[in-house]
Amino acid sequence: MWRLHRAAVACEVCQSLVKHSSGIKGSLPLQKLHLVSRSIYHSHHPTLKLQRPQFRTSFHQFSSLTNLPLRKLKLSPIKYGYQPRRNFWPARLAARLLKLRYLILGSAVGGGYTAKKTFDQWKDMIPDLSDYKWIVPDIVWEIDEYIDLGHKLVSEVIGASDLLLLLGSPGETAFRATDHGSESDKHYRKGLLGELILLQQQIQEHEEEARRAAGQYSTSYVQQKRKVTDKEKIDQLQEELLHTQLKYQRILERLEKENKELRKLVLQKDDKGIHHRKLKKSLIDMYSEVLDVLSDYDASYNTQDHLPRVVVVGDQSAGKTSVLEMIAQARIFPRGSGEMMTRSPVKVTLSEGPHHVALFKDSSREFDLTKEEDLAALRHEIELRMRKNVKEGCTVSPETISLNVKGPGLQRMVLVDLPGVINTVTSGMAPDTKETIFSISKAYMQNPNAIILCIQDGSVDAERSIVTDLVSQMDPHGRRTIFVLTKVDLAEKNVASPSRIQQIIEGKLFPMKALGYFAVVTGKGNSSESIEAIREYEEEFFQNSKLLKTSMLKAHQVTTRNLSLAVSDCFWKMVRESVEQQADSFKATRFNLETEWKNNYPRLRELDRNELFEKAKNEILDEVISLSQVTPKHWEEILQQSLWERVSTHVIENIYLPAAQTMNSGTFNTTVDIKLKQWTDKQLPNKAVEVAWETLQEEFSRFMTEPKGKEHDDIFDKLKEAVKEESIKRHKWNDFAEDSLRVIQHNALEDRSISDKQQWDAAIYFMEEALQARLKDTENAIENMIGPDWKKRWLYWKNRTQEQFVHNETKNELEKMLKCNEEHPAYLASDEITTVRKNLESRGVEVDPSLIKDTWHQVYRRHFLKTALNHCNLCRRGFYYYQRHFVDSELECNDVVLFWRIQRMLAITANTLRQQLTNTEVRRLEKNVKEVLEDFAEDSEKKVKLLTGKRVQLAEDLKKVREIQEKLDAFIEALHQEK
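So, a few notes on the structure that sits alongside this text.

The rules we used
- Residues numbered from 1 in each chain as written.
- Predicted model: local features only at pLDDT ≥ 70, side-chain atom pairs only at ≥ 80, totals over all residues.
- Heavy atoms only, no water.
- Helix = DSSP H or I, 4+ residues; strand = E, 2+ residues; numbered from the N terminus.
- Buried < 20%, exposed > 50% of the residue type's maximum accessible area, 1.4 Å probe, protein only.
- Pairing = 2+ DSSP bridges.
- Phe/Tyr/Trp six-rings, centres within 6.5 Å; stacked < 30°, edge-to-face > 60°.
- Lys NZ or Arg CZ within 6 Å of the ring centre and 35° of its normal.
- Core = buried A, V, L, I, M, F, W, Y, C linked by side-chain atoms within 4.5 Å.
- Contact = heavy atoms within 4.5 Å.
- Disulfide = S-S within 2.5 Å.
- Axes fitted to C-alpha atoms, helices over the stretch in contact; angles between N-to-C directions.
- Salt bridge = Lys/Arg side-chain N within 4 Å of Asp/Glu carboxyl O.

**As for unusual backbone geometry**
We note that Lys487 has phi near 55°; this positive angle belongs to a residue other than glycine. Here Lys487 is to be found in the loop between β10 (481-486) and α13 (488-494). A positive phi angle is found at Thr559, which is not glycine, with a value near 75°. Residue placement: Thr559 occurs in the loop between α16 (546-549) and α17 (560-600).

Spelled out as structure tokens, the structure:
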């Protein structure tokens, strides 16, 4: 009876559990539920004996559904015996119902957990914009309290299968090459990248489904007819795939545009100082500086420079310049219809900035690329620089033009635009133009880390291409080549078989291999088209192109936007892989150069060309300053002596000798006054200025070239000589100096008064020196005319020539005439010439009258000078008679007075010139020297020409290598920080 009673109780419990199917809010305690379930589960045993539970604390039991601890139960041992299986069918029914209940509850809870996990995953993928609050104005976050901008932004950040392009895993995307440095920006990229990866997977699933459907269509054509055939299904899937790609492409473009505007606002705020953050130099600018230093280090590209660059090569008029302009987002290059425009390599450094500007590395002028006037000026400047680099007789030049382009949204990279490869040299080109272009292209492409951007014109036959063979020679495995097919719009119209374009893009038509293949459209051929118009035309073309609709081209292989992302990504991957190795090679080069310097120049500082120029500049300026410290006495002595040497011949030959032929003192003085007046008005001031200018040059040269003892460095000699010559060439004497000097000289020559005996003796001494110098010159002239005398003939075994013999006989005959008449005039009469000639002919000497006159001039000159010297000796005691104006005296010393007037004029002129030199001309010369030094300092070619030698070149190389190494180390450190 007891067992029956307990069974009845169990059935009631089961019925109540079935009624309360939720299992959570039942009226019975949880302990009874557990016991009944346990008893029903063991109902197949022959006997079942249940006991009242005793609540003890031995262990805990938990439910997987409620996660609540159950009370502790201690069950009494169950005794089994034989029982017929005719009872407890309600219990079995309740057990089945309980099992169904748990299944339903488990499924509900498991589904909820899965949904929650999926929601958390999507939530984690949403970018954390909390760190971007400094970018967005405060008012936006106030609006965000009412509008969920973050959810809306994430819902639209899906797109562009073109980001999983060329390089490795999905994590290495083009976003790594952008110019963001903060950790929050990296989180943002990670979230956006996840969305794009999912989109790529969805597109790949669509493509797989399309291929499976195509396979099913080929194998199950004979199956039963359907309303929608398999072919229609394939077309539908392809159409959906194309629409999905275009949809997400537009979404990505819109988000990029918004991001570009936001970054522009942020950078502008940084420029205005709203955020007090120290802006660091961008990574790409640091790298570009390294390349610029390398270019200056060796312009011929002969160094072991293996740093990555994007080298743009292509056939002439293939669209290289247009592709670069689309990447730079500005029409910056000169354009021509069919003619060669790129005449020298142009290095373009693209970086991100608040304003779209361009500037040259050697100029501070910024060209605003949003204004057509600045764009035209930039194109004109590039064309001028190209023509300047091209030497006479050449068409192209290897010298590089360095240009920096900054703007919001630009991909960071360094591109080098090379002259287009040509097949034939046309008229107007140098004969070696083709070979020069090939050598320039090979010099850049042979760099094992250079990325080759091969541009091929799609509108012409592929067989006409020259550049593909050249690229395949430089990169036979295609590990660093990106192939770009331009003018695809024209190719689609003109090519009879569109599959030919597909073969080109798949790399099956050309023998060359490439890392990636792209198809772009760079406008309709109108040079006045804007970048925006070209981009819209390109997107519209590919949106409607059959090449995309028929899957001949993939979405990530078209548009210049995808091309720039891929090139930038490839560029930065190559930089990260090779830059440290290049830094190590320059460290080894630096060690070798330092060792060579220590061995060859152990006691000298490592002064490069600019430092040596500064040292030489200081020495030259010190020497110019020392020129102003020359004493006045030294100036006047030099000037007086130099001026007399210049005018002495004129004074004696044209003034003194003609006046001395007169018979009385009055005529002598009149002749002297007239000739002095004429001389002063016409020649004397000019001669004096010339003497002063030559004296200044001589003193300046003496200071410049005078050895400085042990401190003298002969490496400066060429520079000093060049500075001296250029300064003298630029210097001009004051034009008013001659006028003032003429008045002073005229007044000095008018003065005839000799105040004391000392001045009289000085004039006599001056006269004697002048006459003795002239007499010595005359004796030398006569000796050369008549040949050696009898002593030299006996001692040195010399003989006279026939002409000298005739001159000697003529001289002897003329001397006999002078002995007969010592007061003979200066000129021979014609009858006297005839007498002399006949006397010589009687002795067998044939002589010409002109020879007699020439010989007479020298003979009479010697006779006159000897007579004048004798008269000068007589005038030493003539000062007393001079004071009495030679009254009652047979002695007349007017010639002494003449030489005193000349001497006084020389002294006064020297004093005047000295004052002008020290007060004006030396300072002007010093100014000219400074200007010349400044001009030379700006002229690099001039410094290279004037400061040469192994020592200079070694110091120059050492400086450049150190600078390159330091910049590379700084760049590598910044690169690691960006990672």
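From this point, things continue past the structure.
**A look at the pairing of strand β5 (residues 357-360)**
Here β5 shows a buried face lined by Val357 and Leu359 and a second buried face lined by Ala358 and Phe360. Pairing between β5 and strand β7 (residues 401-406): four bridges, direction antiparallel. Its bridge partner lying in β7, Phe360 is registered against Leu403.

**Some remarks on the packing of aromatic side chains**
The tally for this structure, following the rule as stated, stands at 15 aromatic pairs. For the pair Trp597 and Tyr601, a centre-to-centre distance of 4.9 Å together with 45° between the ring planes defines the contact as tilted. Ring-pair connections join several aromatic residues into one group, and the members of that group are Trp644, Tyr656, Phe766, Phe864 and Phe899. Across from the ring centre of Phe360, 4.0 Å away, lies the NZ or CZ of Arg385, which sits over that ring. The residue whose ring lies beneath Arg702 is Phe703, and the NZ or CZ to ring-centre distance is 4.6 Å.

**Things to note about the nonpolar core**
The biggest cluster of nonpolar side chains holds 100 residues, and the ones touching the most others in it are Trp644, Tyr656, Trp679, Leu696, Trp760 and Ile902. It is helix α30 (residues 894-938) that provides the largest number of residues to this core, a total of 17 residues. Not counting chain neighbours up to four residues away, the residues in contact with Tyr656 comprise Val651, Phe668, Met767, Leu771, Phe864, Ala868, Asp895, Leu898 and Phe899.

**Re the pairing of β10**
For β10, the tally of buried residues reaches six of six residues, placing the bulk of the element in the interior. Residues Thr481, Phe483 and Leu485 of β10 are buried on one face, and the alternating residues Ile482, Val484 and Thr486, pointing to the opposite face, are buried as well. Relative to β10, strand β9 (residues 451-457) is paired through six bridges, and the arrangement is parallel. The residue of β10 that forms the bridge with Asp457 is Thr486. Where β10 and strand β11 (residues 516-519) come together, four bridges link them in parallel fashion.

**Brief notes about the state of the cysteines**
Counting across every chain of the model gives one disulfide. The disulfide partner of Cys875 is Cys893, and the gap between their sulfur atoms is 2.1 Å. Torsion about the S-S bond of the Cys875 and Cys893 cystine: about -100°, corresponding to left-handed handedness. Taken together, the residues Cys875 in the loop between α28 (849-874) and α29 (879-883) and Cys893 in the loop between α29 and α30 connect sequence positions 18 residues apart. The class of Cys875 is buried, set by a relative accessible area of 0%. There is no disulfide at Cys872, and the cysteine sulfur nearest it, in Cys875, is 6.6 Å away. By relative accessible area, Cys872 is classed as buried at 0%.

**Section: the sheet that holds β9**
In a beta sheet, neighbouring strands pair by backbone hydrogen bonds and run either parallel or antiparallel. What the nine strands build is an open sheet, ordered β6-β5-β7-β4-β8-β3-β9-β10-β11; its pairing is mixed. A strand with exactly one partner marks an edge of an open sheet, and here the two such strands are β6 (367-368) and β11. Pairing between strand β3 (residues 310-314) and strand β8 (residues 413-417): three bridges, direction parallel. Within β8, the position partnered with Val310 by the bridge is Leu415. This element, helix α12 (residues 467-474), spans β3, β9 and β10 of the sheet and lies at about 160° to β9.

**A few points about the pattern of salt bridges**
Taken as a whole and judged by the stated rule, the model has 42 salt bridges. Its salt-bridge partner being Asp673, residue Arg752 comes within 2.2 Å of it at the nearest N-O pair. Residue Arg752 is located in the loop between α23 (737-750) and α24 (757-786), and its partner Asp673 is located in helix α20 (residues 665-682); the two are separated by 79 residues in the primary sequence. Put simply, Arg862 and Glu815 hold a salt bridge, and the shortest N to O gap is 2.5 Å. One end of the pair, Arg862, is in helix α28; the other, Glu815, is in helix α26 (residues 802-820), and 47 residues separate them in sequence. Residue classification places Arg862 among the buried residues on the basis of a relative accessible area of 13%. One network of salt bridges, in which partners are shared, links Arg590, Glu594, Glu606 and Arg962.

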